[in-house]
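# Overview (structure and organization)
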Amino acid sequence: MSAATGVALGVIGGAIRISTPFLFVSLGECLTEKSGRVNLGLEGTLVMGAMSAYGISYLTGSPWLGVLTAGIAGVALGALHAWLCSRPRVNDVAVGIALMLFGVGVAFFLGKPLIGPTAPHLPAVSAGWWSSSAQVRSALQINALFVIGLVMTFGVRFLLQRTRWGLIMRTVGESADSARAMGYDVARVRLYATMAGGFLAGVGGSFLSLFYPGSWNEGLSSGQGLMAVALVIFARWDPVRCLAASLLFGGASALGPALQSVGVTSGYYLFNATPYVLTLAIIIATSSRARALAGQPAELRMAK
Amino acid sequence: MSVADADATATVPLIVPAALEAVGLSKQFGSVRALDDVSLRLERGTVHALLGENGAGKSTLVKCIMGYYRADVGKVSVGGVEANIASPRDAAALGIGMVYQHFTLVEAMTVAENLVLSRQKHPFIFDWAGERQEIAKFMATMPFRLDPSKPVHTLAAGEKQKLEILKQLYLGSSIVILDEPTSVLTPSEADEVLGLLRAMVKEGRLTVLMISHKFREVMQFADEVTVLRRGRMAGKGRVADLNPESMARMMVGDEPPRATGTRQERKRGDLILTIAGLSARDDLGMPAVRDFGLEVHAGEIVGIAGVSGNGQEELLEVLAGQREADDGNVRIGGNAFRARRGEMRTLMVRCLPDEPLRNACVGAMSVAENIGFRRFDRPPFRWAGTLVSPRALRRHAEALIKDYGIRTPGPDAAISSLSGGNVQRAVLARELSEDVSLLIASNPCFGLDFAAVAEIRTRIMEARNRGTAVLLISADLDEIFALADRIVVMSDGRLVHETPIAAADLGVIGRHMAGHGHG
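## What to know about the overall build of chain A
A count of helical and extended segments in chain A gives 14 helices and 2 strands. Projected onto its principal axes, the C-alpha positions of chain A cover 65 × 50 × 35 Å. Here chain A, with 304 residues, has 50% of them falling under the buried criterion. Taking as baseline every contact in chain A between residues at least 6 positions apart, the subset at least 24 positions apart corresponds to 77%.

Below you can see the structure in the form of structure tokens.
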């Protein structure tokens, strides 16, 4: 097998592995932002999800129960965010940053005893059965959460485009006044959207502790939650484009390790910066000084 | 209601109840009596106009009927039965719908989505193909049609207004209340929409209550009229028995409408403003101003007429330094002008933008500070090199407050606490208190009451008489006709028509505004 194929396999495998938490967090943020609210606290939700999933998986022996708990922790943080934001004269960006620090802090505090013990991991689906090459098979070990994430991507799109809830959510995100005139409770819709977004972000966190890297420690997340929020803007508030952006970001992140595995070690740290450079490059290439962001929910456009 | 029923109405008029009747409504907001014992009777199958100045209580009356507000005193009955309307939802259940002055459509969604959204009941999962078929069937019974799959932001203003009306019919409303339905339309679009509405009323499908301040539309399309002044009923009657003068008298009371300052005959002065080949894009990157050229001389007012959204806003932003041009140049008295602060000072360019509180003021800062924006960093306001003297600013402002009759609690009050007319007076005081060679004004009287309008127009006319070149952008044709020496029409970003005021023809200008100048 040539080095190039090795790198390509590494990038594909890495794309799927690394993109999973990005995918869940960005889908969650996409839902929340479609209702006209920004939740910057998803980094805290992610870490909280990772800790609670690991703890429950360790205590009960069931990783799936851990995933569910992570989601519930996310719902709780989302509800807290939504409740704070519905108070008068509260800014959702400031609340988000506070809740990000809060979530990370609480997770570190509660997670102290979980550093060290080993919890059962999530299973992987082998999509490389057709190949005799061990490398191919190991690269195509697809984690179960990624598969769920794929289903969720199209599920979220269906929800937004084809269901009553989606239509109401988009109305609230595009014009709170119109929604109020139609008798919808804007704060309540945003509460549910923020809770649902929190659920997805919590599940994304469980991936970090229960699959890859697969243990709980305080350096587990290196800002994936924040990057995922930025990916939503990059993906222009479209769930399917969130998937594409997550895969692109994951693949670029895997480039450094993949090159290292075939012996290219010079510039390792430089290659690790690829996702950021790539994101910046695409943002600059697609930006315009004169044009407003297409696809952005109108309620987010207002300075509040 | 069928035609036969309508005939029955005509034969036994005393028994048939009004479609909607409000009796003795009063509403107090704090110390302001917004509505004082107002009654209104809306007969079935008629178009009824509600006339009045800003603040006369038209909106309050309508909002009490729709259930946004609860009247302190008085009752509303629908079809002769007393109704307890506590919310717009209750109104909708009684078949009363409202079309607001500002569109309540969700711009990012399609026509079909907006119609479906307005409905009270939705299935959990939408079958959009089926919904579109249903809507197509509904549209087939309507006198005007729209493509259900088109996103609303791609519709012209007239189409959006039609969609608002379609929405009410889709919801099955039999009484439709319209709040200044034509304020965003071209004259021909307005005629079309009102004509269609009237046709539906005459077919017996609808009863319409329309808030308006345009006499022409009231005369042409309404059957009956109720006039409000300062929260009280000032008159009512059949339109056929009235004329614009009698209605205007009801609206403004006994005081005659004040004239706009007199235009002094003067020779055309030096060339001041030259715009050549100017092009600019809008926020979405689409061309908004296209190869625009214009000259304005000292002592003349050039009015740019046009329907809002045809590039006037972008043109103003380029001239005010808020937007960069793609191409072309602007010269003032022969000097290149890029709207820098220094250039505005040396070339004496001043600007009255739309929405002055947002575009020309800092709301939380005081009246004195806002009045001082142009000069606070120059003597006598600057002292000891870099310090600003609040006392000098305040004294300067006090003089202008007196001169311009700005009603404010004092020079230190936040300018955002002033009424719209007084904010505009304060901006006018700032912009016109020095020598001005070019004044650029955009919709300077939008949303102001009669007295403020007359005063601000007089100030602009006086500036012209003193030799200032004035570029006036306005969506209000009456304003352009009242002030301009020369009228140009802007359509789709281009200058499409130019005429001196003496030769100006309303019909020709309207056609050019609608983009049919050559058709």
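## A look at the domain arrangement of chain B
All names here are of chain B. Looking at the assigned domains, one finds that chain B contains domain 1 (18–252) and domain 2 (271–348 + 435–513). Spacing between the C-alpha centres of domain 1 and domain 2 amounts to 34 Å. Every contact between the two is made by 9 residues of domain 1 and, on the other side, 8 residues of domain 2. Residue classes in the side of domain 1 that touches domain 2 are distributed as 4 nonpolar, 4 polar and 1 charged.

## A few points about the confidence of the model for chain B
Residues and elements named next belong to chain B. Within chain B, residue pLDDT values average 86, and 94% of them lie at 70 or more. Every residue in residues 1–13 scores below 50 in pLDDT, and together they form 10 contacts with partners more than four places removed in sequence or on other chains. Both scores are available for the predicted complex, with the pTM at 0.73 and the ipTM at 0.83.

## Considering the pairing of strand S8 (residues 207–212) of chain B
All names here are of chain B. Judged by how many residues are buried, S8 sits mostly within the fold: 6 of 6 residues are covered. Judged from the 5 bridges that link them, strand S3 (residues 47–51) and S8 form a sheet pairing that is parallel. Each residue of the ladder has a partner; that of His48, found in S8, is Leu209. Two elements, strand S7 (residues 175–179) and S8, share 5 bridges in a ladder whose sense is parallel. Across the sheet, the residue bridging to Ile177 is Leu209, located in S8. Viewed along the sheet, the connection from S7 through helix H7 (residues 187–202) into S8 turns out right-handed.

## Description of the interface of chain A and chain B
Between chain A and chain B, the contact holds 17 residues from the first and 19 residues from the second. Contributions of two or more residues to the side of chain A that touches chain B are made by helix H7 (164–174) and helix H8 (176–181) of chain A. For the side of chain A that touches chain B, the leading source of residues is H7 of chain A, giving 5 residues.

## Regarding the packing of helix H4 (residues 111–118) of chain B against helix H5 (residues 128–140) of chain B
Helices that pack against each other are described as a pair by the angle of their axes relative to one another and the distance between those axes. Residue and element names in this part refer to chain B. As a packed pair, H4 and H5 sit with axes 10 Å apart at the nearest point and diverge in direction by 85°. Classed by the angle they form, the pair H4 and H5 counts as roughly perpendicular. When H4 is examined against H5, the residues Ala112, Leu115 and Val116 are found in contact with a partner set consisting of Glu131, Arg132 and Ile135. Considered class by class, the residues forming the contact of H4 with H5 number 4 nonpolar, no polar and 2 charged.

## Quick word on helix H15 (residues 420–432) of chain B
With 13 residues, H15 of chain B extends 18 Å from end C-alpha to end C-alpha; this agrees with the ideal 18 Å at 1.5 Å per step. Residues of H15 of chain B that are buried make contact with strand S16 (349–352), helix H12 (356–359), helix H13 (367–371), helix H14 (390–403), strand S19 (438–442) and helix H16 (450–465) of chain B.

## Notes on the sheet that holds strand S14 (residues 327–332) of chain B
Pairing between the strands of a sheet is mediated by backbone hydrogen bonds and can be parallel or antiparallel. All names here are of chain B. Pairing within the open sheet is antiparallel, and its 4 strands lie in the order S12-S11-S14-S15. In the strand order of this sheet, the two ends are held by strand S12 (287–297) and strand S15 (335–336), each with one partner. Packing of helix H10 (residues 312–320) onto the sheet brings it into contact with strand S11 (271–281), S12 and S14, and relative to S12 it is tilted by some 60°.

## Details of the pairing of strand S6 (residues 96–99) of chain B
Residues and elements named next belong to chain B. The two faces of S6 match: Ile96 and Met98 on one face and Gly97 and Val99 on the other face are all buried. Pairing geometry for S6 and S7, over 4 bridges, is parallel. Looking at the pairing, Val99 lines up with Leu178 of S7.

## Structural notes on the sheet that holds strand S5 (residues 81–83) of chain B
Residues and elements named next belong to chain B. Taken together, the 4 strands give an open sheet; going across it, the order is S2-S1-S4-S5, and neighbouring strands pair in antiparallel fashion. The open sheet has two edge strands with one neighbour each: strand S2 (32–42) and S5. Going across the sheet, the axis of each strand differs from the next one's by a mean of 30°, ignoring polarity. Looking at chain direction, strand S1 (residues 20–29) and strand S4 (residues 73–78) are connected through 5 bridges and run antiparallel. Bridged to Ala22 within S4 is Val76. Contacts from helix H2 (residues 58–66) reach S1, S2 and S4, with the element oriented near 65° to S2.

The rules behind the values
- Residues numbered from 1 in each chain as written.
- Chains lettered and ligands numbered in written order.
- Predicted model: local features only at pLDDT ≥ 70, side-chain atom pairs only at ≥ 80, totals over all residues.
- Helix = DSSP H or I, 4+ residues; strand = E, 2+ residues; numbered from the N terminus.
- Buried ≥ 20, exposed ≤ 12 C-beta atoms within 10 Å, placed from the backbone.
- Contact = placed C-beta atoms within 7 Å.
- Domains from an automatic or database assignment.
- Nonpolar A, V, L, I, M, F, W, Y, C, P; charged D, E, K, R; others polar.
- pLDDT = per-residue confidence, 0-100.
- Pairing = 2+ DSSP bridges.
- Right-handed = clockwise from strand over helix to strand, strands pointing away.
- Axes fitted to C-alpha atoms, helices over the stretch in contact; angles between N-to-C directions.
- Parallel < 35°, antiparallel > 145°, perpendicular 65-115°, else oblique.
- Expected span 1.5 Å × (residues − 1).

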